[in-house]
Amino acid sequence: MRGHGFLLAGYVPGRSMVHRAPLWAKFLLVLLCGVGSWLVSDWAVSAAALALLSAVFLASGAGIRRLATAVRPVLPILALVGAFQWWQLGGPTAARIVLNVLVCVVAASIVTATTPVRELLDGAASLARPLERFGADPERFALTIAIMVRSIPFIAGAFADVRDSARARGLERNPRALVLPVFITTVAFARQTGEALAARGLGDADAG
Amino acid sequence: MSIILDRPAVRIDVDGRAEPKTLLDLPALTLAEHRIGVIGANGSGKSTLLRLLNGLVLPTAGRVTVGGLDTGREVRAVRRRVGFVFTDPLSQLVMPTPREDVELSLRRLVRNGAERRARAEAVLDRFGLLGLADQSVYELSGGERQLAALAAVLAVEPEILVLDEPSTLLDLRNRELLRTTLAGLGQQVVLSTHDLEIAADMDRVLVIDAGTVVFDGAAPEAVACYRALCGMPARP
């Protein structure tokens, strides 16, 4: 199984101000950027916000390459969206939309690059804690997110493996030869993960 | 603590067959030795036997108890006592790094974050993994991954450790590392293996064939029985 090239959540260890900032402050930053992207109407403001956030990101010492890795996957889609909006609504609006999305991506990357997954889980668990009185289990909530983060790279890796073996058999043009094996691999992985979690007693309701 | 198998059988219904298929049909067994091996051909029922021991598979007839606890009714208590290590550590390691995976094991046991961190470091240190604690599990070698899985399971201090073909994906060096690590454990160990040298380390070895025990006794005789079963000449 490969999939290592696809690992998300690239935490970069460090002791910068950004690393030491409380998690709620980083969450708040993401929330503000998300809400802000609906409210801002001037692309210059978006550009300033992007510059500021990029500066914060670089101040954490995570490096320009980590920033590029975060932004690169959304660029093709942004190019399409930007071109379409330019044609429909003109340059300033297109710039605003593209910049706003980038602002959100960089803000989210600040959180993942400077927060270990363990702390994110603790954060998610405490976020779900108020729902405890309605029968929610915060630990289980955090565990679900952890497994989701861990499984996306696996599925991406499974796709790469299956594509290689399909190519080796000259079947790369057959969508069934690609989709079906990935589907089966994924279900098998889910079952194995479930079995491993059960064996470790994780995800049980609190045993006390 | 001993594991008592009271004539458990595992049968499943198969489409298009009137009779259910028997995966495993065992005699009454008491597993109390410190080191117990299970050997046998592919598909003979080794994994099913091991999965009976922590309630991942429930017997359709008979029962299995661990220290007096029934694996069906008291499955949570059983799983706290019986740690289980799978063949492929990647399917077992849920978190991105060994440190986070060990801490995940400890979440329910140790609520305090700082204390949990310290406990996890102690466990990783014991297995010589502290230097690799923050590496991605994908970047570890097969042996290191298996050790990380072992550390995550042993962090919660089970009394019995069950391992399903733990050396299958390991090279020689890593297999030796696993062997010495297992030899140093205080826990009772039950493992299945195709590796006859590992089987030879065991105090008692069960040979499984077609879902039942065909030999039960000391390692050298068990290995000879297994070789005969596979149509191999006895060792010169």
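Student: How should a nonpolar patch on the surface be read in this particular structure?
Tutor: A surface patch of nonpolar side chains, about 900 Å² in accessible area, is lined by Trp24(A), Leu28(A), Leu31(A), Leu32(A), Val35(A), Trp38(A) and Leu39(A). The exposure class of Val35(A) is partly exposed, given its relative accessible area of 43%.

Student: How do you make sense of the interface of chain B and chain A when you look at a structure like this?
Tutor: Frequently, the measure chosen for interface size is the accessible area that the parts lose on association. At the interface, 29 residues of chain B touch 32 residues of chain A. Taking both partners together, chain B and chain A bury about 2,900 Å²; carbon and sulfur atoms supply 52% of that area. Counting the surface chain B buries against chain A, the share from its top three residues, Arg107(B), Arg108(B) and Tyr138(B), is 27%. Where chain B touches chain A, the interface holds two salt bridges.

Student: Explain the pairing of strand E1 (residues 3–12) of chain B to me, please; I cannot follow it from the model alone.
Tutor: Strand residues, when the strand is regular, have side chains that alternate between the two faces of the sheet. Residues and elements named next belong to chain B. Pairing geometry for E1 and strand E3 (residues 29–31), over three bridges, is antiparallel. Bridge pairing links Ile3 to Leu31 in E3. By the bridge criterion, five bridges tie E1 to strand E5 (residues 61–66) in an arrangement that is antiparallel. Bridged to Ala9 within E5 is Ala61. Pairing between E1 and strand E2 (residues 21–25): four bridges, direction antiparallel. Within E2, the residue paired with Ile12 across the bridge is Lys21.

Student: Could you clarify how one ought to interpret the sheet that holds strand E7 (residues 82–85) of chain B in this entry?
Tutor: Consider a sheet: its strands pair through backbone hydrogen bonds, and that pairing is either parallel or antiparallel. Residue and element names in this part refer to chain B. Read across the open sheet, the six strands follow the order E7-E8-E9-E4-E10-E11; overall the sheet is mixed. At either end of the open sheet lies a strand with only one pairing partner, and these are E7 and strand E11 (212–217). Here the strands of the sheet are splayed against their neighbours by 15 degrees on average, with no regard to which way each runs.

Student: Mind showing me how you'd approach the pattern of salt bridges here?
Tutor: A side chain with one charge may pair with a side chain of the opposite charge, provided their charged atoms come close. Applying the stated criterion to the full structure yields 19 salt bridges over all chains. Put simply, Arg200(A) and Asp101(B) hold a salt bridge, and the shortest N to O gap is 3.0 Å. Taken together, the residues span two chains, with Arg200(A) in the segment after helix H9 (175–199) and Asp101(B) in helix H4 (residues 98–106). For Arg200(A), a relative accessible area of 15% corresponds to the buried category.

Student: Explain H9(A) to me, please; I cannot follow it from the model alone.
Tutor: Count 3.6 residues to each turn of an α-helix, and residues three or four apart come out pointing the same way. Under the 1.5 Å per step criterion, the end-to-end length of H9(A) is 36 Å for 25 residues, consistent within 8% with the ideal 36 Å. Inspection of H9(A) places Ala177(A), Leu178(A), Val182(A), Phe189(A), Thr193(A), Ala196(A), Leu197(A) and Ala199(A) among the buried residues, and these make up the whole buried set. Among the structural elements, helix H8 (138–168) of chain A together with helix H2 (75–81), E7 and helix H3 (89–92) of chain B are those in contact with the buried residues of H9(A). Residue Gly201(A) follows H9(A) closely and has a positive phi angle near 70 degrees.

Student: How should I be thinking about the confidence of the model for chain A in this particular structure?
Tutor: Regions with low pLDDT carry predicted coordinates that are not meant to be interpreted in detail. This prediction gives chain A a mean pLDDT of 79; 92% of its residues lie at or above 70. Contacts for the low-pLDDT stretch residues 1–7 of chain A, under 50 throughout, to residues beyond four places or in other chains number 21 contacts.

Student: It is not clear to me how the domain arrangement of chain A should be interpreted in this structure. Could you clarify?
Tutor: The assigned domain composition of chain A is domain 1 (1–115) and domain 2 (117–208). The straight-line distance from the C-alpha centre of domain 1 of chain A to that of domain 2 of chain A is 25 Å.

Student: Help me understand the pairing of strand E10 (residues 204–209) of chain B in this model?
Tutor: Residue and element names in this part refer to chain B. Among the six residues in E10, five count as buried, and that is most of the element. Pairing between strand E4 (residues 35–40) and E10: five bridges, direction parallel. Each bridged residue has a counterpart across the sheet, and for Gly37 the counterpart in E10 is Val205. Relative to E11, E10 runs antiparallel, the two being bridged by five bridges. Its bridge partner being in E11, Ile208 is matched across the sheet by Val213.

Cut-offs and rules
Residues numbered from 1 in each chain as written. Chains lettered and ligands numbered in written order. Predicted model: local features only at pLDDT ≥ 70, side-chain atom pairs only at ≥ 80, totals over all residues. Heavy atoms only, no water. Patch = residues over 30% accessible without salt bridge, like charges linked within 9 Å, V, L, I, M, F, W, Y side chains within 5 Å. Areas by Shrake-Rupley, 256 points an atom, 1.4 Å probe, with all protein chains shown as cover. Salt bridge = Lys/Arg side-chain N within 4 Å of Asp/Glu carboxyl O. Buried < 20%, exposed > 50% of the residue type's maximum accessible area, 1.4 Å probe, protein only. Contact = heavy atoms within 4.5 Å. Buried area = accessible area lost by both parts, 1.4 Å probe. Pairing = 2+ DSSP bridges. Helix = DSSP H or I, 4+ residues; strand = E, 2+ residues; numbered from the N terminus. Axes fitted to C-alpha atoms, helices over the stretch in contact; angles between N-to-C directions. Expected span 1.5 Å × (residues − 1). pLDDT = per-residue confidence, 0-100. Domains from an automatic or database assignment.

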